Amino acid sequence: MAVKTESKNGLMVCRVEGDIDISCSPDLKKVFDKLIAQKTPKIVIEFSKVTYVDSSGLATLVGILKNMRSYGGRMRLAGMSTKIKGLFEITKLDKLFEIMATEEEAIAGL
Amino acid sequence: MEENKVSIEIPSEIKYIRKVSSEILESLSPYGPDEKRLFDIKLCAEEAIRNAIVHGNRADKKLHVRVSYWVEKDKLNIVVEDEGPGFDPEKVPDPTEKGNMFKESGRGVRLIRKLMDKVDFNEKGNRIRMEKALK
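Residues numbered from 1 in each chain as written. Chains lettered and ligands numbered in written order. Predicted model: local features only at pLDDT ≥ 70, side-chain atom pairs only at ≥ 80, totals over all residues. Heavy atoms only, no water.

Asks: Before we move on, can you summarise the side chain of B:Thr96 with the specific residues and values?
Replies: The residue B:Thr96 is located in the loop between strand 3 (75-81) and helix 3 (107-115) in this model. Engagement of the side chain of B:Thr96 in a polar contact is seen with the side chain of B:Asp94, the distance being 2.7 Å. Setting aside anything within four residues of it in sequence, one finds B:Thr96 in contact with A:Ile90, A:Thr91, A:Lys92, B:Met101 and B:Arg110. (Helix = DSSP H or I, 4+ residues; strand = E, 2+ residues; numbered from the N terminus. Polar contact = N/O pair within 3.5 Å; in protein donor to acceptor, adjacent residues only side chain to side chain. Contact = heavy atoms within 4.5 Å.)

Asks: Account for the interface of chain A and chain B, with residues named and values stated.
Replies: Facing the 23 residues of chain A at the interface are 23 residues of chain B. Interface area for chain A against chain B, summed over the two sides, is near 2100 Å², with a carbon-plus-sulfur share of 70%. It is A:Tyr52, A:Lys83 and A:Ile90 that lose the most area in chain A upon contact with chain B, and together they represent 31% of the buried surface on that side. At the junction of chain A and chain B, the tally comes to three salt bridges. (Buried area = accessible area lost by both parts, 1.4 Å probe. Salt bridge = Lys/Arg side-chain N within 4 Å of Asp/Glu carboxyl O.)

Asks: Lay out the sheet that holds strand 5 (residues 98-100) of chain A in plain terms, naming residues and giving numbers.
Replies: Strands in a sheet are paired, the pairing made by backbone hydrogen bonds, and the direction either parallel or antiparallel. Residue and element names in this part refer to chain A. One open sheet accounts for five strands, arranged 1-2-3-4-5; its pairing is mixed. The open sheet is flanked by strand 1 (2-8) and strand 5, the only strands paired with a single partner. Averaged over neighbouring strand pairs, the angle between their axes works out to 25° when direction is ignored. When strand 4 (residues 74-78) meets strand 5, the two strands line up parallel, connected through three bridges. Bridged to alanine 78 within strand 5 is methionine 100. (Pairing = 2+ DSSP bridges. Axes fitted to C-alpha atoms, helices over the stretch in contact; angles between N-to-C directions.)

Asks: Any details on the packing of helix 2 (residues 55-69) of chain A against helix 3 of chain B? Residues and values, ideally.
Replies: At a minimum axis distance of 9 Å, the contact between helix 2 of chain A and helix 3 of chain B shows a crossing angle of 130°. The orientation of helix 2 of chain A relative to helix 3 of chain B falls into the category oblique. Crossing angle aside, the handedness with which helix 2 of chain A passes helix 3 of chain B is right-handed. Residues A:Ser55, A:Leu58, A:Ala59 and A:Val62 of helix 2 of chain A touch helix 3 of chain B, and the partners they reach there are B:Arg107, B:Gly108 and B:Leu111. Taken together, the residues of the contact of helix 2 of chain A with helix 3 of chain B break down into four nonpolar, two polar and one charged. (Parallel < 35°, antiparallel > 145°, perpendicular 65-115°, else oblique. Left-handed = near helix turned anticlockwise from the far one by under 90°. Nonpolar A, V, L, I, M, F, W, Y, C, P; charged D, E, K, R; others polar.)

Asks: Tell me what's going on with the pattern of salt bridges, and back it up with residues and numbers.
Replies: Any two side chains of opposite charge can pair, on the condition that their charged atoms come close. Residues and elements named next belong to chain B. As enumerated under the stated definition, the model contains 26 salt bridges over all chains in all. A salt bridge links lysine 36 to aspartate 40, with the nearest nitrogen and oxygen atoms 2.7 Å apart. Of this pair, lysine 36 and aspartate 40 both sit in helix 2 (residues 35-56), separated by four residues, roughly a single helical turn. Judged by relative accessible area, which is 38%, lysine 36 ranks as partly exposed. Here aspartate 40 and lysine 132 are joined by a salt bridge, their closest N and O atoms 3.4 Å apart. With aspartate 40 in helix 2 and lysine 132 in strand 5 (residues 127-133), the pair connects residues that are 92 residues apart, well separated along the chain. (Buried < 20%, exposed > 50% of the residue type's maximum accessible area, 1.4 Å probe, protein only.)

Asks: How would you explain the packing of aromatic side chains if you had to name every residue and give the values?
Replies: The geometry of an aromatic ring pair is captured by the separation of the ring centres together with the interplanar angle, meaning the angle of the planes. With the rule as written, the count across this model stands at four aromatic pairs over all chains. A network of ring pairs unites the aromatic residues A:Phe47, A:Phe88 and A:Phe97 as a single cluster. Sitting over the ring of A:Tyr52, B:Arg18 keeps its end group 5.1 Å from the ring centre. (Phe/Tyr/Trp six-rings, centres within 6.5 Å; stacked < 30°, edge-to-face > 60°. Lys NZ or Arg CZ within 6 Å of the ring centre and 35° of its normal.)

Printed below as a string of structure tokens:
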């Protein structure tokens, strides 16, 4: 798993590549802990190169959202494959997260 | 006895999860399951093994997890058993209920129940059996 971050239009875009599973969820959390410590107001996580997410990955993303909301931050997810979006739908996390089809759509209006 | 049944025993360490799921997926190539089925099988096998390691055996490296799998009538069967005290799957909080949405646990079991065709637990709650059609 790798995360590339880019500051863009006043928000932070985080492009994740690879698997978000139990072996790399702690690394993902560390990346976002730094952004949260800086009270980054708006984050878009881009998923188009994410190949796999397990329940520990979902739990990590929920934790990131919870921490961002604690200081009024906003987060959107973008570019998910149908398979991965299906996991959010099964767990009803699609109701908790703002999930947009593309990065551009996620940035717009955030 | 099930034909072509393969059994693997691993220590309770996260690093073995992917090794086992990869072996299961490789064994399925003669049956030609589509990409979505392979994704579901990989995820559910890994969720079940992770639960066995983390919740069942409490990551005690002295305890083992046994994984068995076989194909019967174009259906994959996977059994995952740990050496822990077991749990009551009916008592796992529903992760989709409003008050539980921010909780960390419970999603693995829900994903397994939704993505596999049949799922059952033994009475003790330390063994799960999952079935998924390959076509």
